[in-house]
Amino acid sequence: MYYFKYTFNKYIKKINCERLSPRQIYNREIKSFDLLIYDTAFPNPVSGFRFAEFNALLQAFKNVKIIVNPTDYPQINQRSEIHKADIANLKTTHHISYQKTFVGTVQNIKNAKLFYCIFLNNMYDSLPYVEQKKINFIFTLYPGGGFDTKDEIALNKLKAVLSSKYFKGVIVTQQFTQDFIVNRYNCPENKILNIFGCLVPQNSINSTRLRRFNNSMTLNVCFCAAKYTEIGADKGYDIFIEVAKILASNGHNIRFNVVGNYDSEVIDIEGFEKFFSFHGLKKYEELQPIFLEQDIILSPNRPFILNKGSFDGFPLGTVVEAVFNGEVPIVTDQLKQNTVFNEDEVIIVKPDAKEIVLKIEELISNPELLNLISKKAQKRFREIYCNDYQLYKRIDFIKKHVYDTRN
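Residues numbered from 1 in each chain as written. Predicted model: local features only at pLDDT ≥ 70, side-chain atom pairs only at ≥ 80, totals over all residues. Heavy atoms only, no water.

Draft legend 1. Seen up close, the packing of aromatic side chains. Inspection of every chain in the model, using the stated rule, returns 25 aromatic pairs. Here the aromatic rings of Phe-223 and Tyr-262 are separated by 5.5 Å at their centres, their planes lie at 85°, and the arrangement is edge-to-face. A residue pair is termed long-range when its members are at least 10 positions apart, and Phe-223 in strand 8 (residues 219-224) and Tyr-262 in the loop between strand 9 (254-259) and strand 10 (276-280) qualify at 39 residues. For the pair shown, Phe-223 and Tyr-262 are each scored as buried. Through a chain of ring-to-ring contacts, the aromatic side chains of Phe-223, Tyr-237, Phe-240, Phe-256, Tyr-262, Phe-276 and Phe-278 assemble into a single cluster. Sitting above the plane of the Phe-304 ring, Lys-150 keeps its charged end 4.1 Å from the centroid. (Phe/Tyr/Trp six-rings, centres within 6.5 Å; stacked < 30°, edge-to-face > 60°. Helix = DSSP H or I, 4+ residues; strand = E, 2+ residues; numbered from the N terminus. Buried < 20%, exposed > 50% of the residue type's maximum accessible area, 1.4 Å probe, protein only. Lys NZ or Arg CZ within 6 Å of the ring centre and 35° of its normal.)

Structure follows, in structure tokens:
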């Protein structure tokens, strides 16, 4: 009787398994994951750096899963319903990642050697469940995502995370961030991995640019960023428009291209409409055809506008993609976050329209200089943002904590 019952139950279990998808079986059969990831936007391709990083981690580890609660879709100007389509597309483009991607919430955090996520808010929201399950964790403290250097609520979140007994490490992408957590929270430097920049999709890293600017051509100047404030002041869209109006009024053969959720009504361009093209929001992989036709990307972003202590990383991810495709970067750096680029690779300016106009007019009058900076910037950005520099250090850091038997 016992043998019959055992055999019958085994048979029923087999039938039920056959009804499950391979992904469901994977999730059910692995009792404890080496690495558990949580995110709020994967696998939306608009957030290119997340798409690149999490796909890489899902490939690098055997027993790994990512739990996704798509609450950040509105933050990247996407409807939450699109998440289902993004998951379906992932099945086609990154099948291994699809097998390891599951919709859920922080309440589903359990049974893992190590927990990982990016952004302060995601880590703080996960903290009670990580601590309850006694799971060690590391996270990436990117600019944004709740990291505010002057807001008391944000600072208390950061304190709670860094003081947890399960905190094992943090990845920072700016020296400013490392200095902040060391000086304010006495974060041990041996728990910090400092990698300048961020992961980006590699589809354009070896882009071949045929366009070389000369005086007989129309100069194309590009702006690319999402709009989070009324006029995009945090990204410097108001400065971009002021620069455009001055240059157009000075009689230059020039055109301005705007990528992002902007149109001619965000800031009035009456009388200058013929100089502008608005491309709307684009997925990361849709940027290359636009960027290959541009000569300059202007990114005059400013800190402490979106919130009193918020700031962007240097440079923006869209600037990286633009430079991969040969554009000359003209950017601001009020927090002095640049630690890797020379002045003949990146043109750093104040968030001042008149100063920016002078820099652009200098390049217009000297096409050889523009083309030389384009070439040097492209070479250096390829070095800094290749997987050898960005990805493998992250994977090694995470693996060290996954397989450290002392933890």
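Moving on, there is more to tell.
Draft legend 2. Region of interest: unusual backbone geometry. A cis amide bond, omega 5°, links Phe-42 with the succeeding residue Pro-43. For Pro-43, the position within the fold is in the loop between strand 1 (33-39) and helix 3 (48-60). Across the junction of Phe-314 and Pro-315, the peptide omega takes the value -15°, indicating a cis bond. You will see that Asn-186, though not glycine, has its phi angle at about 55°, which is positive.

Draft legend 3. Quick look at the environment of Glu-368. The residue Glu-368 is located in helix 13 (residues 367-384) in this model. By relative accessible area, which is 59% here, Glu-368 ends up exposed. Sequence separation between Glu-368 and Leu-58 is 310 residues, and the spatial gap between their C-alpha atoms is 44 Å.

Draft legend 4. Highlighting the packing of helix 12 (residues 353-365) against helix 13. Relative orientation of the contacting elements helix 12 and helix 13 amounts to 105°, with a least axis distance of 5 Å. Put simply, helix 12 runs roughly perpendicular to helix 13. Here Glu-362, Leu-363, Ile-364 and Ser-365 of helix 12 lie close against helix 13, whose contacting residues are Pro-367, Leu-369, Leu-370 and Ile-373. Looking at the contact of helix 12 with helix 13 residue by residue, the class counts come to six nonpolar, one polar and one charged. (Axes fitted to C-alpha atoms, helices over the stretch in contact; angles between N-to-C directions. Parallel < 35°, antiparallel > 145°, perpendicular 65-115°, else oblique. Contact = heavy atoms within 4.5 Å. Nonpolar A, V, L, I, M, F, W, Y, C, P; charged D, E, K, R; others polar.)

Draft legend 5. Structural context of the pairing of strand 9. For strand 9, the buried fraction is high: five of the six residues fall into the buried class. Relative to strand 9, strand 8 runs parallel, the two being bridged by six bridges. When the sheet's bridge partners are listed, Cys-224 is paired in strand 9 with Val-259. Following the chain from strand 8 across helix 9 (residues 237-249) to the adjacent parallel strand 9, one finds a crossover that is right-handed. As judged from the four bridges shared by strand 9 and strand 10, these two strands associate in the parallel manner. Residue pairing in the sheet places Asn-257 in a bridge with Ser-277 of strand 10. (Pairing = 2+ DSSP bridges. Right-handed = clockwise from strand over helix to strand, strands pointing away.)

Draft legend 6. Representation of the sheet that holds strand 5 (residues 136-141). One open sheet holds the seven strands; their spatial order is 3-2-1-4-5-6-7, and the pairing between them is parallel. Only two strands of the sheet have a single partner each, and these edge strands are strand 3 (101-103) and strand 7 (192-194). On average, each strand axis in the sheet is tilted by 20° relative to the strand beside it, whichever way the strands run. Sheet topology places strand 1 next to strand 4 (residues 112-118); four bridges connect them, and they run parallel. Counted as the bridge partner of Ile-37 is Tyr-116 from strand 4. Docked against the sheet, helix 2 (residues 22-29) engages strand 1, strand 2 (64-68) and strand 3, running at close to 85° with respect to strand 3.

Draft legend 7. Just helix 9, in detail. Between the first and last C-alpha of helix 9 there are 18 Å, a value that for 13 residues agrees with the 18 Å anticipated at 1.5 Å per step. Taken together, the buried positions of helix 9 are Tyr-237, Ile-239, Phe-240, Ile-241, Val-243, Ala-244, Leu-247 and Ala-248. Looking at the buried side of helix 9, the elements it contacts are strand 8, strand 9, strand 10, strand 11 (296-299) and helix 12. Looking one or two places after helix 9, you find Gly-251, whose phi comes out positive at around 85°. (Expected span 1.5 Å × (residues − 1).)

Draft legend 8. Local environment of the side chain of Lys-157. Among the secondary structure elements, Lys-157 is positioned in helix 7 (residues 152-162). With no salt bridge to any partner, buried Lys-157 finds its closest opposite charge in Asp-125, at an N-O distance of 5.4 Å. (Lys, Arg positive; Asp, Glu negative; His and termini not counted. Salt bridge = Lys/Arg side-chain N within 4 Å of Asp/Glu carboxyl O.)

Draft legend 9. Examining empty space enclosed by the protein more closely. Applying the stated criterion to the full structure yields one cavity of 30 Å³ or more. Of the volumes computed, that of the largest cavity is approximately 120 Å³. Contributing to the lining of the largest cavity are 16 residues, with Asn-301, Asp-312, Thr-332, Asp-333 and Gln-337 lying nearest its centre. Per-class residue counts for the lining of the largest cavity are seven nonpolar, six polar and three charged. (1 Å grid on protein atoms, 1.4 Å probe; cavity = no way out; pocket = protein on both sides within 12 Å on 5 of 7 lines; lining within 4 Å. Points joined across faces, edges and corners; volume = space filled by probe spheres on them.)

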